[in-house]
Amino acid sequence: MSVTDEKPALDAILQKVLEVMPFQLSTDIGVEEARRQFSAIPRPPVHPEVQVEEREVPGPAGPIPVRVYRPPTADGATLPVVVFIHGGGWALGDLDSYDGAARMHAVGADAVVVSVDYRLAPEHPYPAAVDDVWAATQWVAAHAAELGVDADRMAVAGDSAGGNLSAVVALLARDAGAPALRFQLLWYPATTWDTSLPSFTENAEAPILGLDAVQGFSLWYAGHVDLSDPPATLVPARAADLSGLAPAYIAVAGHDPLRDDGIRYAEMLAAAGVPVQLHNAETLVHGYIGYAGVVPAATESFERAVAALREALHG
């Protein structure tokens, strides 16, 4: 799993897209401007055939907005369910900015998707996001009949900060004994918080996400936590025991500071006996699912991962 010095170049089509629509995550501009820029990214509508329902579920600090997505196959069928946890450095993103991603997961996995609008840092630092996504996951399992889903075929999926939170939910579900997750799909997750891994230096100035932003978002979310001995609900790789977790698919990108973080977590899960699939999209960047349907390499990598999710839920 080591990376050679001759890393493949950035995908040529992605490079052209980034030249036309440049975007760089940053905390230097302040949280409100960062959120505005993140929300302003062009996101073409996808899968209008998916049925959408706005809901609220009880949370530890008040109602948590969720959005339920039903693929066309949901007509009268009891489908699996995926709890989707969006990214954005625990500080950006919402149901609207990840609407397309949720729709693509619903269609690709042939599952009902419940997207969770958890509280954001820095106003609501760790563990607010954890508390919200865990409460929402438990609610979905408890209300499966009401939602018309199969609680025995349940997965969690998320990207970046949402990948971190998805890994945390998988740990919490194992430790609580329920819900029994079938799968965890982690898109370029933050799991080790170990910036000494080579990719953090190699990709410190990468498109979309650089090292400065990684550190800035981490401070917004968990600057108050002693990282010399962090809890596993912040740093999943620090869990005392990783055995017995739901099977995982970890997707990383070659031009991403977090690449080796995801690779390391995959190695740790495998060593603990957890079935894990790892895919490194060598020519892509952090956040590449946002380019699925536009950049063929991103589309292929997205479809590969969602096919694994679908197989886990329907196989």
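How each quantity is defined
- Residues numbered from 1 in each chain as written.
- Predicted model: local features only at pLDDT ≥ 70, side-chain atom pairs only at ≥ 80, totals over all residues.
- Heavy atoms only, no water.
- Axes fitted to C-alpha atoms, helices over the stretch in contact; angles between N-to-C directions.
- Helix = DSSP H or I, 4+ residues; strand = E, 2+ residues; numbered from the N terminus.
- Parallel < 35°, antiparallel > 145°, perpendicular 65-115°, else oblique.
- Left-handed = near helix turned anticlockwise from the far one by under 90°.
- Contact = heavy atoms within 4.5 Å.
- Expected span 1.5 Å × (residues − 1).
- Buried < 20%, exposed > 50% of the residue type's maximum accessible area, 1.4 Å probe, protein only.
- UniProt positions renumbered as here; feature names shortened; annotations may be inferred.
- Polar contact = N/O pair within 3.5 Å; in protein donor to acceptor, adjacent residues only side chain to side chain.
- Salt bridge = Lys/Arg side-chain N within 4 Å of Asp/Glu carboxyl O.
- Phe/Tyr/Trp six-rings, centres within 6.5 Å; stacked < 30°, edge-to-face > 60°.
- Lys NZ or Arg CZ within 6 Å of the ring centre and 35° of its normal.

Between helix H3 (residues 99-109) and helix H10 (residues 296-314), the least distance of the axes is 8 Å, while the angle of their chain directions is 55°. Classified by the interaxial angle, the pair formed by H3 and H10 is oblique. Crossing of H3 over H10 shows right-handed handedness. Residues Met104, His105, Val107, Gly108 and Ala109 of H3 form the contact with H10, whose participating residues are Phe302, Val306, Leu309, Arg310 and His314.

Turning our attention to H10. In this model, H10 (19 residues) spans 26 Å end to end at C-alpha, consistent with the 27 Å of a helix rising 1.5 Å per residue. What H10 keeps buried is the set Ala298, Thr299, Ser301, Phe302, Ala305, Val306, Ala308, Leu309 and Leu313. The secondary structure elements touched by the buried residues of H10 are strand S3 (79-85), H3, strand S5 (149-159), strand S6 (183-187), strand S7 (248-255) and strand S8 (276-285).

In this numbering, the UniProt entry assigns the feature "domain: Alpha/beta hydrolase fold-3" (unreviewed entry) to residues 82-289. Taken end to end, residues 82-289 has its terminal C-alpha atoms 17 Å apart, with 37% of it in helix and 21% in strand.

Our focus in this paragraph is the side chain of aspartate 260. The topology assignment puts aspartate 260 in helix H9 (residues 259-271). Looking at aspartate 260, its side chain comes within polar contact range of the main-chain nitrogen of serine 199, at 2.8 Å.

On to the pattern of salt bridges, then. Inspection of every chain in the model, using the stated rule, returns 19 salt bridges. One salt bridge in this structure joins arginine 103 and aspartate 99, with 2.7 Å as the shortest N-O distance. Taken together, the residues arginine 103 and aspartate 99, both in helix H3 and four residues apart, mark about one turn of the helix. Given the relative accessible area of 14%, arginine 103 is considered buried. By relative accessible area, which is 17% here, aspartate 99 ends up buried. Across the pair arginine 153 and aspartate 150 runs a salt bridge, and its minimum N-O distance is 2.9 Å. Looking at arginine 153, the relative accessible area reads 17%, which means it is buried. What you see here is one network of salt bridges that share partners, running through Glu54, Arg67, Asp96, Asp99 and Arg103.

As enumerated under the stated definition, the model contains 11 aromatic pairs in all. Their ring planes at 35° and their centres at 5.4 Å tell us that tryptophan 90 and tryptophan 193 sit as a pair that is tilted. Of this pair, tryptophan 90 sits in the loop between S3 and H3 while tryptophan 193 is found in the loop between S6 and helix H7 (198-202), placing the two residues 103 residues apart along the sequence. With a centroid separation of 4.5 Å and 0° between ring planes, the pair formed by tryptophan 90 and tyrosine 221 is classed as stacked. Note that tryptophan 90 is positioned in the loop between S3 and H3 and tyrosine 221 in helix H8 (residues 211-222), a separation of 131 residues in sequence. Looking at tryptophan 90, the relative accessible area reads 4%, which means it is buried. Classification of tyrosine 221 by relative accessible area gives buried; the value is 0%. It is arginine 43 that lies over the ring of phenylalanine 38; its NZ or CZ is 5.1 Å from the centre.

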